[in-house]
Each structure stands twice: as C-alpha cells, then as structure tokens.
Amino acid sequence: MDENQIDREDPQYQLHCIRHSAAHIMAHAVQDLFPESQFAIGPVIKDGFYYDMDLPRALTTEDLEAIEKRMKEIIKANNPFMHEEWEKDQARTWFGENKQTFKQEIIDGIGDEKVSIYKEGDFTDLCAGPHVRYTKQCKHFKLLKVSGAYWRGDEKNPMLQRIYGTAWQTKEELDKYLFQLEEAAKRDHRKLGKELDLVMFHEYAPGAPFWLPKGQTIFRILSDKMRNYNLRNGYVEVGTPQMFRKDLWQTSGHWDHYRENMFIFDDEDTQIGLKAMNCPSHMLIFKNEHHSYRDLPMRIHDQGVLHRNEKSGALSGLTRVRKFCQDDAHLFVTPEQVEPELRTLLAMAKNTYEVFGMKFSKVYLSTRPDDYMGELEMWNQAEASLTKVIEEAGLNYQINAGDGAFYGPKIDFIIEDALGREWQTATVQLDFQLPLRFELKYIAQDNSAKTPIVIHRAIYGSLERFMGVLIEHYAGAFPTWLAPVQCHVINLGEGQIDYATSVHKALLKAGLRSHLDLRNESVNYKIREAQLQKIPYMLVVGDREMEAGTVSVRALREGNQGSVPIAEFIERIVSEADVDFADPT
RNA sequence: GCCGAUGUAGCUCAACGGUAGAGCAACGGUUUUGUAAACCGUAGGUUGUAGGUUCGAUUCCUAUCAUCGGCACCA
C-alpha cells in the first residue's frame, strides 16, 4: 500500500489496520502459549481476520479462551507496532533461527532486496502492513472458530490450524456483529427447513433431500413458473434418460474430466454413469434430426434429476447436495445469434430474481483458462460478446481471469446465504467444444454444414440450492404466491365446525392452499402455531362470522385485519398470488 | 478427501463409570375457547452403529456412519 496515497482517516482503512493488527496480536498470544509454533499467513478478511499456524497439538475451545485472555493482556500492555526494513538475507537467517520455515518460504518468493518487518512486543513478523500504532486500538475483538487449512491452499501441502476472529472499532459494532451472527443462524435453511416441515434428510441418502409435502409445494411452484417462463419465451422442454453407457461420457469429455464426481457402476460388460448434467442428452437430441439455420436458435429446457458424487466434506444442507434438479437449458445458436441470446438471458435472469427481491452479491465473468480448447479468435469474440452484454445490462461484475471452463467463457451469478457464504445460482456459459465432440451440424444459408455454438444456462441453477437461499432470504415467511399453506381456517369452537369446513372448501375450490384447523384447542393456541409456521393468513371464524358469512382475517405480520366476506378474501389472496416473471422485451 | 467438533425420546436440550430426565409434540380425559401456549393424566429411549476396557459403559478407548465449522473440490 502506498503510504502517501492512503487516507488514514478512512474508517475502512482503520478497520483494516485493526483487523490486521489483531491477527498479529493473536499470533503473539499463540507464540507465548505454544513457543514452538510456526506461523504461515494472517490476512484480513470480511468482518475479521485469521492466522494459519502449525501448532504442537490440535486447539480446543479452552485454548481459544486462553489465547483470547493472553491477547487481552497484550492489548492492555499497549505495545507499539514498530516497522523495520530488513535485508532479505538477514530476514531469512532470523526466521530460520526461529524455526519459521513458512516465513522463509514466503521470503524466498519476494522479489525485492528488502523485506518489511513489523514488531509488536516480542513478536516479530514478516508483514507488509499497515498496522495500528498501539495494541490498545484492537480492544474490540473476539475469536470465533478454529479449522484446518492447507498451506498455500494446496491439499498436497500439510494442513495447518487456522483461527478466525473478528475485530471492530467499537464495542457497539462488535456486539452488533455478534448479534447479527446469532440472527443469521435463526434463518439457516437447515433449521427452518426442519421447523417448517419443508425438507428432511436421512443418513441412508447423504446429500439427497427428501421434499416433504410443504417443501415439494414450493419446489413445484418454482419449477412450474420457470417451465412456463421458458416455454412462452421460445423454449421446448424435453425429458432425458437418467443413466448412460460410458461411451457417451467419453464422447462428451466427462469421462476424462468429471468422472471423479460421477456415480458409476458396472452393467454386464460395460459401465454406466448416472447423469451429472444434461448437456450430453441435449446434444443427442439436437443430432437426432437435420437442422437448418432457420431452426436456430433451438432452445432445449430440461429439469431432469442430476447426481453428482460430491466429496463427503463438501455437502451442506440444500446448498451443496448430491441429488438435484436444475432449470437447465441448452441453446443451439449461430455465431450471429450469440449476442442477442445472451442479452435475453441476462434480462430473464434479472426479471426472475427481481420477483424474489433478491440481489446478486457478485457477478463473475470467467475468461479463457490456460488449457483452453478451440481457436483463440473464437474465444476473443466470445469474451467480447459476454463483456458487451454484461455491461449493457448494467451489471456490476468482476473478471475471474483464466477461470472459464476449458470449453468456453462464462458468467456466474452469486448469492449469499444467511451466514454470508457465497453460492453460485444462475450461470451462462458459452461452449464451442461439445458441438465439435458430438459433430453437430446445421445447414447454413449458403448450403454449407456449420457447427452451432451452444449456450449452457440456468437461472435458478440448482433448484435445491435455490430453495436453500430462498428459505433464508424470506426467513421462512414465504410470500403468498409461494407459501406452501396460504391460510389456516380456525374455528372458535364446536359451533362453527360446519361453517369453518365450508370456508375451507371454498378456498380450496378457488385454488388456494388452505388448512383447516378444527382441533379442540384455544384460538390463541391455534394462532400461535400458525404464526410459528409463518402462515400468511389466519381466518378465525366464530358465531359473528358465521352469521355474516365472513371471515376474520389475521395477517402474519400485520395482525388482525377485521372481518371480510369470504369472496372478498378469496379475491384478495388470488390477486396477491398472481405473480410471474416479466418477459424480456 | 483433509483438520476439528457433535450425535441421548418426534423436536429442543439435561445428566453421567453404578441399568437415563425435563419442556414441547403425541395419546386419553376435562374444557368449547375471539387473535402468539387452558387443565389433569398416560405413554415414549438397545443414548448413531460395531467392537474393546471394566464387576458394571450412555459416560473411557478404537473403528465406522451421519451432521456441523472450515480447508480443498465445485462443468
């Protein structure tokens, strides 16, 4: 960081210094408690910091407390942070004498003749800075968790222990952050999915959700909405096989590139792979008949079930599963059609997420990797097209240089879960390779056979993952159009059983998702349960309502709304549930 | 897959080297209720699974499965 250009008054800069310094203080405390520790790296991250280190034994929760305690002592001592410049050799020797082999490795990778050193008390670290002036400025911190992390992020390297912490300028900010963590945990889709009877898991099928009636209702609505959205925008829908002989996966390239993540089993004298993606099937469908340029773009939609053999440690609720469906589609296009199709796709994605009130936390444009396949010219043109449409769409994006698939560049849309973890949902990928591998052709205007370009795209992405982020987005309180149960009809007592039943039937007949609660319980009890289940509407019926042909409406958030005629309520809720994605212009 | 933690009734949790306990839910009864929990009672568990140590294991040890927090992976 250029010392002359930074604004030391900038709160972001100060926070950065506090967190970076807190990481040093933590390492200092660990050094005091475990003198034989070796330190690796300790950067600032979102909301805090971590430090990776090699310790004589695994840390426990008690250790974390002891480290925190020692940190407080260091902070109380108010040591200054001293900056020094050392010759590389000098630094190498010093860190060698102190058995800091990771630091030596880092020094070896530094190009300059001198290296930057920060000292705080008797803790000396190789570090570019910047830091606060005194340890007392790092008072408001908390250590959060310990985990394993590979040295230099490579699983071939030894695993170090990583301690995560958070640090803030004031106690209020720290408390607020910790409170937010607790609140976020309440929105966790794994907790809500269970509490609201949406989904269950069983150890007999790790990573494979069981959709319970309520969860399946939401799932079906999402699926239907997207199916209809696609169909009215020029797509066709197909259904494709669940498993294929290995020859198909060899042709598509998955046998070489993705086999590790597929479920494969023997069948007579060959092997069969459960499908992990739909693209190969769609290639076969395209190839099933001859195509003229007049047929293009051909847009094939498929919500088939996919299985991916994710590594055991990767599974996580609904957001990382082994069995899932995508709102998948493959577009077979001519080169001229790439841009307009991309433009339409971005509009469809935008219009879809708008309906849920969801925002992408990041949009990545992933460009040509080193081991790319195909012609450079095609790549350049594809990347230019993606850049053009992404900018036209006004999306705030970041370039992930070299992170594209080997077959083409892509745009990935990222949504954060309640705990701030990022998940890819929508994706748009250009593919020049699969059409070649499957020898796809269409007859161009000049009567020559040309290879189409394929666009892989999904808007929800995995419906399971989308459900997960959606549950957290709404904290389980789904809007009326998505709510698996839209209203509870609640009778006061035995006198209104028939009336309540007739109200419930009228609602069902109007296409609403109503639940009749005739249990011999108090109104308060039934209301409470409906509130906890986050049912949008509670319809209480007593003698007054029965005589007037009305229902007393209570809304989940707004509370008691007074009595309205049944027909009026139905009209209201039907119009409220009339929600759809806007078509691209 | 790697490092670490966790696993007790349907759910949320307690206990602990001496044959497991609560609240809610369930079931039975009383009550017939006006917008977030009526009252009484009953039943419910091979403490994830498999071994081992021990007179005795839910508790200690080992393995294994699942889940959780990270790392790595993520067409």
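Residues numbered from 1 in each chain as written. Chains lettered and ligands numbered in written order. Predicted model: local features only at pLDDT ≥ 70, side-chain atom pairs only at ≥ 80, totals over all residues.

Caption draft 1: Spatial organisation of the overall build of chain A. When helices and strands are tallied, chain A shows 18 helices and 29 strands. In terms of principal-axis extent, the alpha carbons of chain A reach across some 85 × 75 × 55 Å. Buried positions account for 36% of the 585 residues belonging to chain A. (Helix = DSSP H or I, 4+ residues; strand = E, 2+ residues; numbered from the N terminus. Buried ≥ 20, exposed ≤ 12 C-beta atoms within 10 Å, placed from the backbone.)

Caption draft 2: Highlighting the domain arrangement of chain A. Each assigned domain of chain A is listed here: domain 1 (11–186), domain 2 (209–240 + 275–473) and domain 3 (487–576). Placing the centre of domain 1 and that of domain 2 at their C-alpha centroids yields a distance of 41 Å. (Domains from an automatic or database assignment.)

Caption draft 3: Highlighting the protein's contact with RNA strand B. Among the 54 residues in the neighbourhood of RNA strand B, the closest are listed as His-257, Ser-312, Gly-313, Gly-542 and Ser-552. Of all the elements in the fold, those that place two or more residues in the surface near RNA strand B are strand S7 (140–150), strand S8 (159–168), helix H9 (254–257), helix H16 (523–532), strand S27 (537–541), helix H17 (543–548), strand S28 (550–555) and strand S29 (559–565). Looking at the surface near RNA strand B, the element that brings in the most residues is H16, giving seven residues. (Near = placed C-beta within 6 Å.)

Caption draft 4: The arrangement of the packing of helix H3 (residues 88–97) against helix H4 (residues 101–108) in detail. The geometry of H3 relative to H4 is characterised by a closest axis approach of 8 Å and an angle of 165° between their N-to-C directions. Considering the angle they form, H3 stands roughly antiparallel to H4. The element H3 and its partner H4 pack so that their crossing is left-handed. Residues Lys-88, Ala-91, Arg-92, Phe-95 and Gly-96 of H3 lie in contact with H4, whose contacting residues are Lys-103, Gln-104 and Ile-107. Split into classes, the residues belonging to the contact of H3 with H4 amount to three nonpolar, two polar and three charged. (Axes fitted to C-alpha atoms, helices over the stretch in contact; angles between N-to-C directions. Parallel < 35°, antiparallel > 145°, perpendicular 65-115°, else oblique. Left-handed = near helix turned anticlockwise from the far one by under 90°. Contact = placed C-beta atoms within 7 Å. Nonpolar A, V, L, I, M, F, W, Y, C, P; charged D, E, K, R; others polar.)

Caption draft 5: Just the confidence of the model for chain A, in detail. For chain A, mean pLDDT is 93; residues scoring 70 or higher make up 99% of the total. The ipTM for the predicted assembly is 0.94, set against a pTM of 0.94. (pLDDT = per-residue confidence, 0-100.)

Caption draft 6: Up close: the sheet that holds strand S26 (residues 514–517). The mixed open sheet is built from five strands, whose spatial order is S26-S25-S27-S28-S29. Here the strands that pair on one side only, and so sit at the sheet edges, are S26 and S29. Taken over all neighbouring pairs, the strand axes of this sheet differ in orientation by 25° on average, direction set aside. Relative to S29, S28 runs antiparallel, the two being bridged by six bridges. Note on S29: the bridge partner recorded for Thr-550 is Pro-565. Helix H18 (residues 566–576) contacts S27, S28 and S29 of the sheet and is inclined by roughly 120° relative to S29. (Pairing = 2+ DSSP bridges.)

Caption draft 7: Region of interest: helix H2 (residues 61–77). With 17 residues, H2 should cover 24 Å at 1.5 Å per step; its first-to-last C-alpha distance of 25 Å lies within 8% of that length. Along H2, the residues that are buried comprise Ile-67, Met-71, Ile-74 and Ile-75. Down the axis of H2, the buried set is contained in an arc of 95°. They therefore lie on one face. Of the exposed residues in H2, those oriented more than 90 degrees away from the buried face are Glu-62, Glu-65, Lys-69, Glu-73, Lys-76 and Ala-77. Of the residues trailing H2, Asn-78 is marked for its positive phi of about 55°. (Expected span 1.5 Å × (residues − 1). Arc of directions from axis to C-beta.)

Caption draft 8: Fine view of the pairing of S8. When you tally the buried positions in S8, you get seven out of 10 residues, the bulk of the element. Pairing analysis gives 10 bridges linking S7 to S8, with the strands arranged antiparallel. What sits directly across from Lys-145, in S8, is Tyr-164.

Caption draft 9: Representation of the sheet that holds strand S13 (residues 264–267) within the structure. Read from one edge of the open sheet, three strands run S12-S14-S13, paired in antiparallel fashion. At either margin of the open sheet sits one strand with a lone partner, and together these are strand S12 (243–245) and S13. Taken pair by pair, the neighbouring strands of this sheet meet at an average axis angle of 35°, ignoring direction. Bridging between S13 and strand S14 (residues 270–274) involves four bridges; their strand directions are antiparallel. Bridge pairing links Asp-267 to Thr-270 in S14.

Caption draft 10: Up close: the environment of Leu-212. As for its placement among the helices and strands, Leu-212 is situated in the loop between strand S10 (210–211) and helix H7 (213–231). A tally of 16 C-beta atoms within 10 Å means that Leu-212 is categorised as partly exposed. Distance in space between the C-alpha atoms of Leu-212 and Glu-183 is 26 Å, their sequence separation being 29 residues. For Leu-212, the residues in contact, after removing those within four places along its chain, are Asp-197, Leu-198, Val-199 and Met-200.

Caption draft 11: Seen up close, the packing of H7 against helix H14 (residues 463–473). Two numbers describe how H7 lies on H14: the axes approach to 11 Å, and their chain directions differ by 115°. Relative to H14, the element H7 lies roughly perpendicular. Of the two possible hands of crossing, H7 and H14 adopt the one that is right-handed. Packed against H7, whose contacting residues are Ile-218, Phe-219, Leu-222 and Ser-223, the element H14 presents Leu-463, Phe-466 and Met-467 at the interface. Broken down by class, the residue content of the contact of H7 with H14 amounts to six nonpolar, one polar and no charged.

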